[in-house]
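Each chain, letter by letter, is given below.
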Amino acid sequence: MCGPMGFISAFSEDARSLYYIFTLLLPATLYAMGLMEGRKGRLFFILGLTLHGFTILLRAMELGTLPLTEKHDNISFMALSSALIYWFMLRDRRSNIIDLTALPLVSILLCVAAAYEPINTIPPIQRSLWFYLHMLFYFVSYGFFGVSACIGLQHLFTGETVHEIMQYKVAAYGWVAFTFSLICGSIWFFVAYGTYWLWTSRELWTALAWFWYGLYLHARLMKGLRGRPAAVLGVLGFAVVLFTYFGVGKIIPSPPTQF
Amino acid sequence: MKTVFDFFLSLKTAFGLFLAFIVLSAAGSLVLTGNLAFFSGIDDMPLFRWLAENNKIRHIWWIYLMIAMLTGLAISTIFCTAESLLKGFTRQNLILRLSPQVMHAGVLFIMLGHLVTASFGFKMDLQLKKGEQQAVSEGKAVLLEDVSVITDKNGYPEDWLVRLRWIEDGKQSAEYLLRPVHPLYFGQFGLYSKSADAEDSSALIRISKDPGALWALIGGFLLCLGAIGFVFSRSRRLPALANYEGIQENNNEEQKILHFFQ
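Residues numbered from 1 in each chain as written. Chains lettered and ligands numbered in written order. Predicted model: local features only at pLDDT ≥ 70, side-chain atom pairs only at ≥ 80, totals over all residues. Heavy atoms only, no water.

(A) Local environment of the packing of aromatic side chains. Inspection of the entire model under this criterion finds 41 aromatic pairs over all chains. Measuring from ring centre to ring centre gives 5.7 Å for A:Tyr31 and A:Phe45, while their planes differ by 45°; the resulting arrangement is tilted. With A:Tyr31 in helix H2 (residues 13-33) and A:Phe45 in helix H3 (residues 38-63), this residue pair connects regions lying 14 residues apart in the sequence. By the burial criterion, A:Tyr31 is buried, and A:Phe45 matches it. With 6.1 Å between their ring centres and 85° between their planes, B:Tyr185 and B:Tyr192 make a pair best called edge-to-face. The class of B:Tyr185 is partly exposed, set by a relative accessible area of 46%. The class for B:Tyr192 is buried, based on a relative accessible area of 1%. Among the aromatic residues, those joined into a ring-pair cluster are A:Tyr138, A:Phe139, A:Tyr142, A:Phe145, A:Phe178, A:Tyr213, A:Tyr216, A:Tyr245 and A:Phe246. Over the ring of A:Tyr168 we find A:Arg220; its NZ or CZ atom is 4.2 Å from the centre of that ring. (Phe/Tyr/Trp six-rings, centres within 6.5 Å; stacked < 30°, edge-to-face > 60°. Helix = DSSP H or I, 4+ residues; strand = E, 2+ residues; numbered from the N terminus. Buried < 20%, exposed > 50% of the residue type's maximum accessible area, 1.4 Å probe, protein only. Lys NZ or Arg CZ within 6 Å of the ring centre and 35° of its normal.)

What follows is the structure in structure tokens.
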């Protein structure tokens, strides 16, 4: 093995762990430094984004496929999605104000990702285009939901209508990506196991999260709920998706199945 | 009658049903967790058969309520979609008005798929050893010819191959290769490779018949199509959207953030 992969595999186990931690903590630090005012802050953010993207590219080369099969890579990708959406929003000067919430979110996500040991084996059942599409849309949607929650928090503090509208739009994009993810996931699961639904806590909470954002999008059409109450629902929606990913399974285990 | 129509057309009803479904999902996950052994076989047979065989109402009340909520949501969706379609469209608002209805139709098809699967589906797991044959249903059986597992340098399975024959009315088919995520279909029966063990040359095969899957797939396709329309219409027609949804905010504010979505 040559090139960067040979370099990585040449490490001892401990050194490899440190390497994986370092490659996420460095962009996390740069993202956090993006909070600095003006061009300096932007420069640090772009540096963090570039390094982060490069880290994910290296993981993709190491695995020989999209690095979306376990928590270390998934959370890192979720952070990248959030950072890219935030970067896209930087084109609008009005959204600069979400720096205070979006950048710490991306940094924290990367620190969480660094806490998980990467796994370099991919179970045969996950070697499917539908699985990768499912995961890709899933974590892109999490990115949208995260940024949407950041804008929602901003609205709750400032009360500015424009933030509330932006929160809704970004969440709507997230909901669409989430829908794609669930459809792709169902197709993958059907092709793998002959069923597209399981009665497990994870499935129930995933459906719950989808319905939660459906509730939020409908709430915004109702007179009494428009504005602050809807914004709270949108922010809580991100807490629901985070709990679905991190909490369900550990806190709420599922019945034993052969899946 | 009008009261019933108004009730199901109301956004408040839809909101209430969404909320009820959310509460029931959360409650259901807790009931599942508290009774793991009881629910262990729920995914091994069609839902309605499992419910009939495991009729402990203190454990399954939430599933019945969920079905009731989804039925209410389906009725509400049909009413809202019908009302919207009857209002008619113009060329300008076609995608804007149609995309939520396409999504609604998708949700209805998915619900229909689940209903059909829960009523008429068939699931069975076969643990077969090399050379072993097991019956699937009347006149149908599976014969396992051989199993091989491909491992990586660390010994983890990268892929496995299950060689089998489908037997129908005593006639053996040619040899087929079953791999993970590459199912085989014999008539209405699908064969899925869940796991394989090279050491004792055995394989776990899921046999299923899912008459609702096609409906659910159509629903998924419509849901995605509607979602694409939803994104497209909202990124192109924000001021119109503001009017359509009764959003009272200043359109100028929306215009200012338009470029983010375009």
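(B) Focus on the pattern of salt bridges. Scanning all chains against the criterion turns up 16 salt bridges over all chains. The partner of A:Glu70 in a salt bridge is A:Arg59, with the nearest N and O atoms 3.5 Å apart. Note that A:Glu70 is positioned in the loop between H3 and helix H4 (71-89) and A:Arg59 in helix H3, a separation of 11 residues in sequence. Residue B:Glu145 pairs with B:Arg165 through a salt bridge whose shortest N-O separation is 2.5 Å. In this pair, B:Glu145 is assigned in strand S3 (residues 140-151) and B:Arg165 in strand S4 (residues 157-168), connecting sequence segments 20 residues apart. Where salt bridges share partners, they join B:Lys130, B:Glu145, B:Asp146, B:Arg163, B:Arg165 and B:Glu175 into one cluster. (Salt bridge = Lys/Arg side-chain N within 4 Å of Asp/Glu carboxyl O.)

(C) How the structure looks around the state of the cysteines. Here the structure, examined in full by the defined rule, presents 0 disulfides over all chains. Looking at the unpaired A:Cys184, the closest cysteine sulfur is the one in B:Cys224, lying at 6.5 Å. (Disulfide = S-S within 2.5 Å.)

(D) Summary view of H3(A). Residue and element names in this part refer to chain A. For H3, which comprises 26 residues, the first-to-last C-alpha distance of 38 Å matches the rise-based estimate of 38 Å (1.5 Å per residue) to within 8%. Listed in full, the buried residues belonging to H3 are Gly 41, Phe 44, Phe 45, Gly 48, Leu 49, His 52, Thr 55, Ile 56, Leu 58, Arg 59, Ala 60 and Leu 63. Looking at the residues trailing H3, positive phi occurs at Gly 64, about 80°. (Expected span 1.5 Å × (residues − 1).)

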